[in-house]
Amino acid sequence: MTSIKPVQATDLFETNPINLDPLTENFYIYFYLQYLTDWPSLFYKSTSARNTITGYMLAKTEGKSRDWHSHISAVTIDPNYRRIGLASWLCKALESYTEPEKPYHAYFVDLFVKCNNKTAITLYEKLGYSVFRRVVGYYGGPNDIPSKKKLIDNEDAFDMRKPLKRDVKRKSVRENGRKQLVFPEDVYF
Amino acid sequence: MTKYDKLIDDIIASKNFTHALSVVTDKIKQYPNTSYFYALEAQVLALSGEINKAIDKANDLLARFPSDVTTLKLLIDVYELCDYTPKEDVFEKVSKKYPTFQLIQEWLDHAIQNFDILGMQKATMSLTKSVSSSGQSDENIKIIKLWAAASFMLACNCCKSQLKPIQVKLYPQLGLKMIEHLSLSSAPEVYVQSKLLELSGKDEENLEKLGNFLKKENDLELKILYFNGLEKAKKYDVLYETTKHYLVDMNEDDWDTWKLFLESASHSGKLEDAISVVKSYAVTRNSQLALLELSKYSEEYPKDEYVANYISKYGHKLCLFPDLSIFVKSGDDITKILEVEYETRDIPKLLSGTRKPTEADVIFLVNYLKLKAYTDQSLFKSPEFITTCCTFYNATKPLLNKLVEFEYFPGFEFIILTIQSMITQAPALDELLIIKLIIILENTLEKNKFEFHLKLWLISLYSKLNLFSKSSALFDSLKIKSIQLDTISYPITNRSSTVTSNVSKLEEISKFFNFNVKNEVPQMIQNCLHSLALNKLQGFVEFQIRLETSFTKISNVLELCNAARLTNHKTAIDDRLKPTLRKYYKFWHSAPGSTDEEVYGKINDNRDLTTFWDCGIHTKLEDVDAKLNSINPLFNLSYLKLMVLRELIIYDIHYPNYEDYKKEFIELYESSDASLTSIERWSLSAIVQLIKGETKADQIPEAPSNLLNFNFSHYYFTVVNTNKQIQYILSNHGATWGISGVKLLKSISAQLNRLIKSFREESLELNVASKHILSEYKVKVSDWFVNDPIGSSFKITAKQVNTSFDSIEDANYKSIVELRKI
Ligand SMILES: CC(C)(COP(=O)(O)OP(=O)(O)OC[C@H]1O[C@@H](n2cnc3c(N)ncnc32)[C@H](O)[C@@H]1OP(=O)(O)O)[C@@H](O)C(=O)NCCC(=O)NCCS
């Protein structure tokens, strides 16, 4: 059983079953709190019948004119609650919050995912996302020098997008996105 | 310390207070109108122990209403140092005299920094008064009124116990008055209004306002308030229609909505209609559980049938167990249902090896076994249960080879159930058993290398075996950081100062609290106010309080004290750790009436004690827990308070109410519910005897003999530490304890010195002795994995046993190195 509820700062004390996952980032406190102050309705959680947190969506809006979009910063699910459509549900909820004219009216939703995170890539593709570009060295360490000649799945990210209704001409997506290589500094809004 | 004169800072830092005082006096002569130097004078007096003079000077200065913010903050520090509460809050007093917008803003900042909710309330209220006269825009006036309203809400919700009954009644009304003529357009604004209406008991008006808003905007937070409000007001007809609208028309398949839908149906005689809604709804996890929920309200709907239905639909999903455990209770008999499903899913063929396992099989078997064990916990006592777990694990483990990177193999649960069962069946948690469990778990982790429950169990077991370096390496592999340092660092920090001199983790935790939390959270509360995310404000403030008064934060300071003492780092304790401990002590006494729901005025235990048990049957098994806790028991609240008091008794001799420390310490020690080890109890008994004026020391407990046990290092580290405590008292305030006190301390110290000396001599032999024990264990353990009916079912090879022993031996050597340092 699942409910969707808004996240409160105190929920951060309860996220271990989700955040101990190797693919889930633990951010600094200010990062989470900033999402709560700036996009309070875009940070929400799924809960169990015991009211424990079973997954969450951390999202924001950004960009100018045609690049105005919602961005998934994290979506992650407690391993005990996987493969029952929770992540899909959280992603669809984000579309429904940011697609309408009020308050956001975004052109598309996007996210970054490690190129070797096959599970998540399958999930997003199933939801209608496609790769827009490959960001070389996005997840690399401070001493790694990214190179377009050397693609490393564990360090590169796919920038995946799904157009929303406002993007009538589907300009936010393209074919062959996997072959479009860019560096992290090329990605800004 | 001061922005005015670095020289004075340096003199104060060097603790040359006489010199500092003369420099400050000169400064006052030179700048008689600069209030700051008067505050500094009071501070120097307080630091040099001239408490009464310091208070007088501070009071004189305050009576002259200094409006310089640095001076005010320094005055507050002085009062704290003197443990003196001025008649009126410093900022409040001065802001009343000079109600400038800027000064009150500073007051608000200060209140936020110090998580002083009532201060926030007063400051925001004062801001509303000053804002009108300071020519601010209408928009700013609105913002400030909203802050004041939200602060009234905070005061009532977070520290009700600190308010007088009349304030409890008045505050929500005052809050509403603040926003009376404002047009509230956003969901967070309406949220504050709704909370205040609720607190004022104006339920009708609240529901009407929420209902109207939701017609315009489907806000999640307000929807929840609306539903709960309807339930509380018992407006079941409206609740029924509203929940139905959300479920059916808006297709919001939300569990809480389903629950309220069925509850309201049963209260308003609409169960038949509700049943048809459930049955005609799409088959989803929620709607299928709604069928089960239905059986709560109607006997016509037999629970068993829906349990069977749910198992057949979701038996191959891991959520089955947590979902069903809401409806099925320990003691319920669902064996038949499980067995039917077992047959339907063709499990016998899988176990006989005639077909290959699938992902659905392993998840079903995990669920099957978990539900069986959950409904009949006596299974943990049965050796057959262990064999079954192993059979299931071995039948499904070929799937381990197909695991996608970063994914988990759910079959690890068979192993968790096994080790829980093995601990249950053993009379005690001895070293041999721990080694077997470690080998089993390591072997399971090898191919399921991201599974964090396995790691948490291993961390705990390695710690019992006195192998800190192993626990620590596993802990590091979990990449724990930020808030996790508060919630889940305890498995490696609990008494770590008594097994290792490595303080890197303790320092990292300290940095998190004293740097990240201190700098980030108050700033974000400011941001929360400025961006009017007022529906998040209470969460932010509670978050801050829980971190600032966190159990882990305090236990970390205690561990750092121990470590600093061992390395003779006296100034670290005096300058950094002691003031912090005194602050905690005062904080937990600041709000005596604080209720369980309030986070204010107490130590908040944010430790995550559930994830460790969130596998197997997802419940703490008391017997297993007791056995695990027999070695290095987890700190509890009494332990924490007792140890804080001990440090204060040793280091805070000038505290004006020092006698209170002693009294409380004795009370807590004698109530004996602190989770102490025997050597800790003995160590504290020395202080007890000192306070009571006894002359004969208690006998030191016998030293443990097995190095492969946490208690071994813990014993010697504690002994050395106790000796250092005694030395400190003797050389710093021995005389205050009288001749008999000094005699007692000297006699204990003499005993300890003898013990430490002989340990240091023997420690050269430790390596040889432990190699000998390890080789004995290795023979027994190897034999068990080959010849024992249970041991052999794990199919652990001799090579795996050897690898584990090699790494245990290596870690054991590291523990010896640590011991030799003391
Ligand atoms: C990726 C993740 C969020 C998916 O969550 P989830 O709630 O299990 O996903 P859903 O149930 O909505 O899955 C939808 C679809 O995605 C695909 N999918 C999801 N998990 C899959 C898996 N382990 N293997 C194969 N396909 C998978 C399937 O096609 C699935 O549909 P199906 O179950 O009907 O076959 C979850 O595995 C997770 O939290 N991973 C760790 C954190 C992470 O990687 N987040 C993404 C970072 S960008």
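- Quoted straight from UniProt, the Sequence similarities (unreviewed entry) entry for chain B says "Belongs to the MDM20/NAA25 family."

1. Digging into the interface of chain A and chain B
Then step 1. Facing the 46 residues of chain A at the interface are 61 residues of chain B.
Then step 2. Of the roughly 4800 Å² buried between chain A and chain B, counting both surfaces, carbon and sulfur atoms make up 61%.
Then step 3. Linking chain A with chain B are 2 salt bridges.
Then step 4. Where D256(B) meets K5(A), a salt bridge forms, and the shortest distance between an N and an O atom there is 2.8 Å.
Then step 5. At the boundary of chain A and chain B, one finds 26 residue pairs in polar contact (both at pLDDT 80 or more).
Then step 6. Where the side of chain A that touches chain B is concerned, the elements lending two or more residues are β1 (3-6), α1 (16-19), α2 (29-38), α3 (86-98) and α4 (118-126) of chain A.
Then step 7. Among the elements that make up the side of chain A that touches chain B, the one with the highest residue count is α2(A) (6 residues).
Then step 8. When grouped by side-chain class, the residues that make up the side of chain A that touches chain B number 25 nonpolar, 13 polar and 8 charged.

2. Things to note about the site of the ligand
Then step 1. In the vicinity of the ligand there are 23 residues, among which R83(A), G85(A), S88(A), N117(A) and E407(B) approach most closely.
Then step 2. Between the ligand and the protein, one listed contact pairs an oxygen atom with a backbone N or O atom of I84(A) at 3.3 Å.
Then step 3. Contact between the ligand and A87(A): an oxygen atom at 2.9 Å from a main-chain N or O atom of the residue.
Then step 4. Taken together, the elements giving at least two residues each to the shell around the ligand come down to β4 (69-77), α3, β5 (108-114) and α4 of chain A.
Then step 5. Among the elements that line the shell around the ligand, the one with the most residues is α4(A), at 6 residues.
Then step 6. In this structure, the shell around the ligand is formed jointly by two domains, domain 1 (1-106) and domain 2 (107-189) of chain A, each of which donates at least three residues.

3. Observations concerning the pairing of strand β3 (residues 53-62) of chain A
All names here are of chain A.
Then step 1. Of all the 10 residues making up β3, 10 are buried; the element is thus mostly covered by neighbouring parts of the structure.
Then step 2. The pairing of strand β2 (residues 43-47) with β3 spans 5 bridges and is antiparallel. Its bridge partner being in β3, S46 is matched across the sheet by G55.
Then step 3. If you look at the hairpin formed by β2 and β3, you'll find 5 residues sitting between the two strands, and N51 has a positive phi there, around 65 degrees.
Then step 4. Bridging between β3 and β4 involves 8 bridges; their strand directions are antiparallel. Directly across from K60, in β4, lies its bridge partner H71.

Definitions and cut-offs
Residues numbered from 1 in each chain as written. Chains lettered and ligands numbered in written order. Predicted model: local features only at pLDDT ≥ 70, side-chain atom pairs only at ≥ 80, totals over all residues. Heavy atoms only, no water. UniProt positions renumbered as here; feature names shortened; annotations may be inferred. Contact = heavy atoms within 4.5 Å. Buried area = accessible area lost by both parts, 1.4 Å probe. Salt bridge = Lys/Arg side-chain N within 4 Å of Asp/Glu carboxyl O. Polar contact = N/O pair within 3.5 Å; in protein donor to acceptor, adjacent residues only side chain to side chain. Helix = DSSP H or I, 4+ residues; strand = E, 2+ residues; numbered from the N terminus. Nonpolar A, V, L, I, M, F, W, Y, C, P; charged D, E, K, R; others polar. Near = heavy atom within 4 Å. Domains from an automatic or database assignment. Buried < 20%, exposed > 50% of the residue type's maximum accessible area, 1.4 Å probe, protein only. Pairing = 2+ DSSP bridges.

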